[in-house]
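What follows is the residue order along each chain.
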Amino acid sequence: MYEVLTVTCNPAIDQTVEVDVLRPGEVNRGQKVRMDPGGKGINVARVLKGWQTDVMATGWIGTANGDFVVNALDRMGILHQFVPVDAVTRINCKIAETKPQRMTDLNAPGFQVDAKDVGAFIQLFDRLLDRAKVVVLSGSLPTGAPNELYRDCIKMAKRKNVKAFLDAEGVPFKLGVDAVPFAVKPNRRELEGYVGALLDTEEKVLEAGRRLLDIGIRWVEVSDGANGAWLMTETKTIRTIPPRIEAKSPVGSGDSMMAALVWGWLQGKSEEEVARLATAAGTVTAAHAGTELCSWEETVAMSRQIHLERVSCSG
Ligand SMILES: Nc1ncnc2c1ncn2[C@@H]1O[C@H](COP(=O)(O)OP(=O)(O)O)[C@@H](O)[C@H]1O
Ligand SMILES: O=P(O)(O)OC[C@H]1O[C@](O)(COP(=O)(O)O)[C@@H](O)[C@@H]1O
């Protein structure tokens, strides 16, 4: 049994290479390399499973090297049913500089899917929805997948009374928003893309978030890296600020935050508790190397250090 279904249309193997300083245009030699199963929905599933929540991971997987991902999910006890694609699962290169600490992501476009693959996924998704309370749709779409995919998945979820949480960018996000998911988690840059304007003040961020609430979305979580986040609902806007940390790798921070939102909703937590936990989860993950994600114990400990402010009544 599972409560949460996570969709990763474009899974990845995250390869983190550590160097002192990256010298563009030169031969760089890595000091340490680590590989983690990645892709946004898969990371959400990894966090939730660690937090004792049963989860099913779905999407497409490239069979040439997808074993690395599915074996890791098996080891973690995460249920999975992916539509196999006769192709290579992308390898996303994360360059972790240590002096000073800085991460450069080089995400690949991923494999190509065709109409048959899309049809097979929709059929599988429809079946897997039957057992879920929540569905998480997150990350980029592979080449060939229609931009409407998240929109259509949200419509299907709503017909089955499953709460949809969306984390995407660009056109798939815009179209997904049109179907009015329960929750969205854009980072500030993604929200700028949605409204087509620079959001360089808190006021502008909140105005943009308000547009999403006005459509009928119930939880709008706008994340802003080391500055923390805002959780906006119809009645409250809560600003959360994390402590200063040594950020080894923010990869997976947004996914950890999404996992905490889902967990908080499943447990019926207050908006304040959810906001605190979500920011804590992202912060703990940012402090870890590679795509190592936040444990429950670390997140609870961090949540005590999150500064929380009620910004205004957003109603
Ligand atoms: N350098 C950092 N220091 C502290 N917390 C961080 C840092 N980077 C990310 N986080 C935490 O993770 C959350 C999500 O990170 P963010 O980078 O905004 O999301 P995304 O990965 O989706 O772009 C932030 O709101 C914050 O709580
Ligand atoms: O699907 P996209 O947008 O290319 O993102 C994939 C990448 O995002 C990650 O899921 C991390 O995402 P976040 O840092 O936003 O949490 C990586 O594991 C993966 O390489």
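About the thresholds
- Within each chain, residue numbers correspond to sequence positions counted from 1 in written order.
- Ligands are numbered from 1 and chains lettered from A, in the order in which they are written.
- Since the coordinates come from a predicted model, pLDDT governs what is reported: local features require at least 70, and pairs of side-chain atoms require 80 or more to be given and counted, while whole-chain, interface and lining totals use all residues.
- Each residue gets a C-beta atom placed from its backbone. If that atom is within 6 Å of a molecule or strand, the residue is near it.
- Helix and strand definitions follow DSSP, with helices as H or I runs of at least four residues and strands as E runs of at least two, each counted in order from the N terminus.
- Each residue receives one of three labels: charged for Asp, Glu, Lys and Arg, nonpolar for Ala, Val, Leu, Ile, Met, Phe, Trp, Tyr, Cys and Pro, and polar for the others, Gly being one of them.
- UniProt positions are given in the numbering used here, feature names are shortened, and annotations may be inferred rather than shown by experiment.
- A pair of strands is labelled paired if DSSP reports no fewer than 2 bridges between them.
- Axes here mean lines fitted to C-alpha atoms, for a helix over just the part in contact, with angles spanning 0 to 180 degrees between N-to-C directions.
- Here a crossing is called left-handed whenever its near helix is offset anticlockwise from the far helix by less than a right angle, and right-handed whenever the offset is clockwise.
- Here the contact rule is simple: place C-beta atoms from the backbone, and any two residues whose C-beta atoms are within 7 Å are in contact.

Naming follows an unreviewed UniProt entry, where the chain appears as Tagatose-6-phosphate kinase of Polycladomyces subterraneus.

Asks: Help me understand the site of ligand 2, please; the structure alone is not making it clear to me.
Replies: Every one of the 17 residues lining ligand 2 counts as a neighbour, but Gly 38, Gly 139, Ser 140, Gly 254 and Asp 255 are closest to it. When contributions to the shell around ligand 2 are tallied by element, the ones reaching two or more residues are β2 (12-19), α1 (40-50) and α8 (253-266). Looking at the shell around ligand 2 element by element, the count peaks at three residues for α8. Class assignment of the residues belonging to the shell around ligand 2 gives a composition of two nonpolar, 12 polar and three charged.

Asks: Just checking my understanding: could you explain the UniProt feature "domain: Carbohydrate kinase PfkB" (unreviewed entry) in the chain for this structure?
Replies: Here, the residues flagged by UniProt with the feature "domain: Carbohydrate kinase PfkB" (unreviewed entry) are residues 13-295. Secondary structure within residues 13-295 divides into 39% helix and 25% strand; the distance between the first and last C-alpha atoms comes to 21 Å.

Asks: I keep staring at the sheet that holds strand β13 (residues 237-241) and nothing clicks. Help me out?
Replies: Backbone-to-backbone hydrogen bonds pair the strands of a sheet. The strands run either parallel or antiparallel. Taken together, 10 strands build an open sheet; the order of strands is β5-β4-β1-β8-β9-β10-β11-β12-β13-β14 and the sheet is mixed. Of all the strands in the sheet, just β5 (79-85) and β14 (307-312) have a single pairing partner and so form its edges. Relative to β14, β13 is paired through five bridges, and the arrangement is antiparallel. For Arg 239, the partnering residue across the bridge sits in β14 and is Glu 309.

Asks: How do you make sense of the packing of helix α9 (residues 271-287) against helix α10 (residues 296-303) when you look at a structure like this?
Replies: A pair of packed helices can be characterised by two numbers: the angle between their axes and the separation between those axes. As a packed pair, α9 and α10 sit with axes 8 Å apart at the nearest point and diverge in direction by 115°. Remark: the crossing between α9 and α10 carries right-handed chirality. Only Glu 298, Thr 299, Met 302 and Ser 303 of α10 make contact with α9, whose side of the interface consists of Arg 276, Leu 277, Ala 280, Ala 281, Thr 283 and Val 284. Tallied by class, the residues present in the contact of α9 with α10 amount to five nonpolar, three polar and two charged.

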